[in-house]
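# Analysis of the macromolecular model
Below are the chains, spelled out letter by letter.
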Amino acid sequence: MTQHFLLSAASRTLKLKDIYKAGEEAAYRQFCELRWPETDGEGVCPRCGCCETYSITTRRKFKCKACSHQFSVTSGTIFASRKMDFTDLLAAICIIANAAKGVSAIQLSRDVGCQYKTAFVLAHKIREALADETENAKLSGTVEIDGAYFGGHVRPANEEKNRVDRRLKRHQTGKRRVVVALRQRSGRTLSFVRKSEAEGVEIARQRVATGSQIHADEASHWDTLDAFFPVGRINHSEAYSANGICTNQVESYFSRLRRMVGGQHHHVSGKYLHQYAAHAAWLEDHRRESNGALASRLVANAMSAPVSRSWKGYWQR
């Protein structure tokens, strides 16, 4: 019987002890090489683009020979103004890459040895960076579409006489949100947070290439898709797959997201649900890559992502 990839040695190419054993200088060099691969880690001025720089080794900074601008390897990136050591930063990225269904901020803070606030913002910065991979992506071929609802839980009253029908709109909190997902077979997964699953029709029109085939379930709001794409429908009350039509792959994504939210984070604010959804989509899309490749991909994404307008100075408001 063939061994599953995730159980093989090929999936384990990076260990936490190797990061700390290599030391701070090795971690720093890895960040440099992933930010400036075209110059083998030699600094490139983010202001004028000059490749000739002085290295200020005592402060791990560079000075541009052309405009005299001083900068570091994280200047202008999502890790700008970071205070963590590069070994701790790389270890945190490794932990996040290793977690198949995400990792809570409090667990990350204990593993790395930092404050909860630091771990919370760091994890969200990484989620923001990895979401850039599919920011402008369009899907083609066979694309599955579906939605799943999260949040808005109404706690039932203690006594039976005081309980209400939580299905009625007047008894709901208004915080419930739906994650609409588009998943291309053997391709990428796009996730969007909306108030209604029916809004996925307009999303599909914008993010799915003309001529693609869409597979959807029996929900009536997907009927509109027939005007724009060839659509295959599957009624889940009768079967989960029939004649090659199914939404199994997008359901696999939702399975990961539900376990991430329910098993790791327990509560996710609707304000940040889109980042958790993007994280689960990224993990699902790269599930057949080794943990070393995933960590390198995360560092490279972070080094190319701009300063976060949502998370820089988050706790200082």
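Here the residue index of a chain counts from 1 through its sequence in written order. The predicted nature of this model means local features are confined to residues of pLDDT at least 70 and side-chain atom pairs, given and counted, to a pLDDT of 80 or more, with totals for whole chains, interfaces and linings taken over all residues. Hydrogens and water molecules were not included; the side-chain quantities draw on all heavy atoms of the structure.

Attention now moves to the overall build of the protein. Secondary structure elements are taken from DSSP: a helix is a run of H or I of four residues or more, a strand is a run of E of two residues or more, and numbering for both begins at the N terminus. A tally of helices and strands in the protein yields nine helices and 10 strands. The dimensions of the protein, computed from C-alpha atoms along their principal axes, are 65 × 55 × 50 Å. Working definition: with a 1.4 Å probe on protein chains only, accessible area under 20% of the residue-type maximum means buried, over 50% means exposed, and in between means partly exposed. Looking at the 317 residues of the protein, the share that counts as buried comes to 45%. Any two residues having at least one pair of non-hydrogen atoms within 4.5 Å are treated as being in contact. Counting contacts in the protein only where the partners sit at least 6 residues apart, residues at least 24 apart contribute 63% of the total.

What follows is about the side chain of Ser72. Structurally, Ser72 is set in the loop between strand 3 (70-71) and helix 3 (86-98). By relative accessible area, which is 14% here, Ser72 ends up buried. Apart from residues lying up to four places away in sequence, Ser72 is in contact with Arg35, Trp36, Arg60 and Lys61.

To continue, consider helix 3. In an α-helix there are 3.6 residues to a turn, and that puts residues three or four apart on one side. Expected span of a helix: the number of residues minus one, times 1.5 Å. The first and last C-alpha atoms of helix 3 sit 18 Å apart over 13 residues, in line with the 18 Å expected at 1.5 Å per residue. The element helix 3 is largely enclosed, with a buried count of 11 among its 13 residues. The set of residues buried in helix 3 consists of Phe86, Thr87, Leu89, Leu90, Ala91, Ala92, Ile93, Cys94, Ile95, Ile96 and Ala97. Residues of helix 3 that are buried make contact with helix 1 (16-22), helix 2 (24-35), helix 4 (105-112), helix 5 (116-131), helix 8 (273-285) and helix 9 (291-304).

So, about unusual backbone geometry. The backbone of Arg60 shows a phi angle near 50°, a positive value even though the residue is not glycine. Along the chain, Arg60 turns up in the loop between strand 1 (53-56) and strand 2 (61-64). You will see that Ser186, though not glycine, has its phi angle at about 60°, which is positive. Counting through the fold element by element, Ser186 comes out in the loop between strand 5 (177-184) and strand 6 (189-194).

The next subject is helix 5. In this model, helix 5 (16 residues) spans 23 Å end to end at C-alpha, consistent with the 22 Å of a helix rising 1.5 Å per residue. Those residues of helix 5 that sit buried are Ala119, Phe120, Val121, Leu122, Ala123, His124, Lys125, Ile126, Arg127, Ala129 and Leu130. For helix 5, the elements touching its buried residues are helix 3, helix 4, helix 7 (248-265), helix 8 and helix 9.

Here the focus is the pairing of strand 7 (residues 213-216). Strand pairing follows a simple DSSP-based rule, namely that at least 2 bridges must link the two strands. Bridging between strand 4 (residues 142-150) and strand 7 involves three bridges; their strand directions are parallel. Paired with Val143 across the two strands is Ile214, which belongs to strand 7. Examined bridge by bridge, strand 7 and strand 8 (residues 231-233) share three bridges and lie parallel to one another. Along strand 8, the bridge assignment pairs Ala216 with Arg233.

Let us look at the pairing of strand 2. A one-sided burial pattern is seen for strand 2, the buried positions being Phe62 and Cys64 and the unburied ones Lys61 and Lys63. The sheet contact formed by strand 1 and strand 2 spans four bridges and is antiparallel. Note on strand 2: the bridge partner recorded for Ser55 is Phe62. In textbook terms, the turn of a hairpin is the stretch between consecutive antiparallel strands, and for strand 1 and strand 2 this stretch comprises four residues, one of which, Arg60, has a positive phi near 50°. Two elements, strand 2 and strand 3, share two bridges in a ladder whose sense is antiparallel. Following the sheet pairing, Phe62 is matched in strand 3 by Phe71. Between the antiparallel neighbours strand 2 and strand 3 lie five residues, among them Ser68 with a positive phi of about 65°.

The values are spatial; any link to function lies outside them.
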